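Take a look at the letters that make up each chain.
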Amino acid sequence: MFFEYHFHGCAGHKTIELNRTAYEEMSVFQKEQGGTDAFLATFSAAPVDNLVEGLEFCRGLMDGAPLPGARLAGVYLEGPFVHVAGGMTESLLAKPSIGAAKRLAEAGRGIIKNVTIAPELPGALPVIEYFASEGINVSAGHFYCSPEILKDAVAAGISSITHFCNNGEGPLQNENGRYFTEGPFLDILADDRLTVEMICDGVHVDPKLVKTVWRAKGRERFIAITDGCAATGIPGKRLVFPDPVGTPAEFDVRNGALYIADTDQLTGSLATMKKVYDNLIKFCGMSGEDALYACSTLPRQKTGVI
């Protein structure tokens, strides 16, 4: 079965809903509709107090009676130490600090599987080093940095890229036949130390680019994700969900994806892992074995989830 590595919700529920009923319904949906047997609860940028509460809640779920469908296998912190908001609430982004990092690591000891950090933020490198020293995978994400800063961040402990090609990697440009980018797009492709995760719903990233990145990075450095959201599996065109501090936010479902209302800003996808698996075979010409490796085996290895 598949593994949800980067997942914010489904069936009308968000991972920030800290109640067992919501997680039971998400768990059943993932197993029955997505062919998934385990998932990481991904939390986007929020105040540290809220994130600590979420970590403590998830620990309690993991220590208690099993969920009825897919099991909760850990937490993915996609913030708050990021720079480019994307679909997040911009006021909830925060500058990295060792004090905040220690609070999160202590509350989530053993269950935090990934932390996303923008390496160009002041104070980012010591925080990257700290999380890496705690045995936590650290990703660069929601960022816009130079290749030189990314190189320093990799030396400090960055080992992966959050939803590659939906980030701040910089646009690829051409001048007199020479391709270049001010950001680290080409460096990410070329650096064999970096694993990339990609949203493979066919909307967030052009299928031809998914195929190209998979071929460039290779089987051992490509993780397929949904970046699934609460709108997955429910009807509706205009939906309202609260942000991490409870402020209602409006979203539009169109073109097979979720957008911040009345904008062209993409946020979470509507795909299940079963759909992602099928897309990899369709987009990339992968064998079933290679698609399963990207959808299950490699993300489990990356996070230590059996």
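First, a word on what this report is: a plain description of the structure on this page. In this text the structure is predicted, and so the values were computed from the model without any measurement.

1. Observations concerning the side chain of Thr116
Alright, step 1. Here Thr116 is to be found in strand E6 (residues 112-117).
Alright, step 2. Given a relative accessible area of 0%, Thr116 falls into the buried group.
Alright, step 3. A polar side-chain atom of Thr116 sits 2.8 Å from a polar atom in the side chain of Thr162.
Alright, step 4. Apart from residues no more than four positions distant in its own chain, Thr116 is found in contact with Tyr76, Leu77, Glu78, Gly79, Phe81, Val82, Ser139, Ala140, Gly141 and Thr162.

2. Structural notes on the pattern of salt bridges
Alright, step 1. Applying the stated criterion across every chain yields a total of 15 salt bridges.
Alright, step 2. We note a salt bridge from Asp264 to Arg254, for which the minimum N-O separation is 3.1 Å. In this pair, Asp264 sits in the loop between strand E15 (257-260) and strand E16 (266-269) while Arg254 sits in strand E14 (residues 248-254), placing the two residues 10 residues apart along the sequence.
Alright, step 3. You can call Asp264 exposed: its relative accessible area is 69%.
Alright, step 4. Each of Arg238, Glu250, Asp252, Arg254, Asp262 and Asp264 takes part in a single network of salt bridges with overlapping partners.

3. Comments concerning a nonpolar patch on the surface
Alright, step 1. On the surface, Leu172, Tyr179 and Leu186 cluster together into a nonpolar patch covering about 300 Å² of accessible area.
Alright, step 2. Looking at where Tyr179 falls in the secondary structure, it is placed in strand E10 (residues 178-180).

4. Focus: the pairing of strand E11 (residues 195-199)
Sheet faces and side chains relate simply in a regular strand, where the side chains alternate between the two faces.
Alright, step 1. Most of E11 is tucked away: five of the five residues are buried.
Alright, step 2. Residue alternation in E11 divides its side chains into two sets, Thr195, Glu197 and Ile199 and Val196 and Met198, and both sets are buried.
Alright, step 3. Pairing of strand E8 (residues 158-161) with E11 involves two bridges; the strand directions are parallel. Its bridge partner lying in E11, Ile161 is registered against Val196.

5. Quick word on the nonpolar core
Alright, step 1. Counting residues in each nonpolar core, the largest one holds 76 residues, and the members touching the most others are Tyr23, Phe131, Phe164, Met198, Phe222 and Leu280.
Alright, step 2. Top contributing element to this core by residue count: helix H2 (residues 48-63), with seven residues.
Alright, step 3. Those residues within four positions of Phe222 in sequence are excluded, and the remaining contacts are Thr195, Val196, Met198, Cys200, Val210, Val213, Trp214, Leu280, Met286, Ala294 and Leu298.
Alright, step 4. Phe3, Leu40, Ile199 and Ile223 belong to the second-largest nonpolar core, a separate cluster that totals 12 residues.

6. Section: the sheet that holds strand E13 (residues 238-242)
Alright, step 1. Spatially, four strands are ordered E13-E14-E15-E16 in an open sheet, and the strand pairing comes out antiparallel. Both edges of this open sheet fall to E13 and E16, since each of them pairs with a single strand only. Along the sheet, successive strands turn relative to each other by an average axial angle of 35°, direction set aside.
Alright, step 2. Where E14 meets E15, four bridges bridge the pair, whose relative direction is antiparallel. By the bridge assignment, Asp252 is partnered in E15 with Tyr259.

7. Some thoughts on the packing of aromatic side chains
Alright, step 1. By the definition in use, this model includes eight aromatic pairs.
Alright, step 2. Summarising the aromatic geometry, the rings of Phe241 and Phe251 are spaced 6.2 Å apart at their centres and angled 45° between planes, so their arrangement reads as tilted. Of this pair, Phe241 sits in strand E13 while Phe251 sits in strand E14, placing them 10 residues apart in sequence. Considered together, Phe241 and Phe251 belong to a single accessibility category, that of buried residues.
Alright, step 3. One aromatic cluster in this structure is built from Phe7, Tyr23, Phe39 and Phe57.
Alright, step 4. Across from the ring centre of Tyr293, 3.8 Å away, lies the NZ or CZ of Arg219, which sits over that ring.
Alright, step 5. The residue whose ring lies beneath Arg254 is Tyr259, and the NZ or CZ to ring-centre distance is 4.0 Å.

8. Some remarks on unusual backbone geometry
Residues other than glycine predominantly adopt negative phi, and peptide bonds predominantly adopt the trans conformation.
Alright, step 1. Along the chain, Gly79 connects to Pro80 via a cis peptide bond; the corresponding omega equals 20°.
Alright, step 2. Structurally, Pro80 can be placed in the loop between strand E5 (71-78) and helix H3 (98-107).
Alright, step 3. With phi around 75°, Cys165 is a residue other than glycine that occupies positive phi space.
Alright, step 4. Note on placement: Cys165 falls in the loop between E8 and strand E9 (173-175).
Alright, step 5. Even without a glycine there, the phi angle at Asp227 is positive, about 55°.
Alright, step 6. If you trace the backbone, Asp227 turns up in the loop between strand E12 (222-225) and E13.

What counts and how
- Residues numbered from 1 in each chain as written.
- Predicted model: local features only at pLDDT ≥ 70, side-chain atom pairs only at ≥ 80, totals over all residues.
- Heavy atoms only, no water.
- Helix = DSSP H or I, 4+ residues; strand = E, 2+ residues; numbered from the N terminus.
- Buried < 20%, exposed > 50% of the residue type's maximum accessible area, 1.4 Å probe, protein only.
- Polar contact = N/O pair within 3.5 Å; in protein donor to acceptor, adjacent residues only side chain to side chain.
- Contact = heavy atoms within 4.5 Å.
- Salt bridge = Lys/Arg side-chain N within 4 Å of Asp/Glu carboxyl O.
- Patch = residues over 30% accessible without salt bridge, like charges linked within 9 Å, V, L, I, M, F, W, Y side chains within 5 Å.
- Areas by Shrake-Rupley, 256 points an atom, 1.4 Å probe, with all protein chains shown as cover.
- Pairing = 2+ DSSP bridges.
- Core = buried A, V, L, I, M, F, W, Y, C linked by side-chain atoms within 4.5 Å.
- Axes fitted to C-alpha atoms, helices over the stretch in contact; angles between N-to-C directions.
- Phe/Tyr/Trp six-rings, centres within 6.5 Å; stacked < 30°, edge-to-face > 60°.
- Lys NZ or Arg CZ within 6 Å of the ring centre and 35° of its normal.

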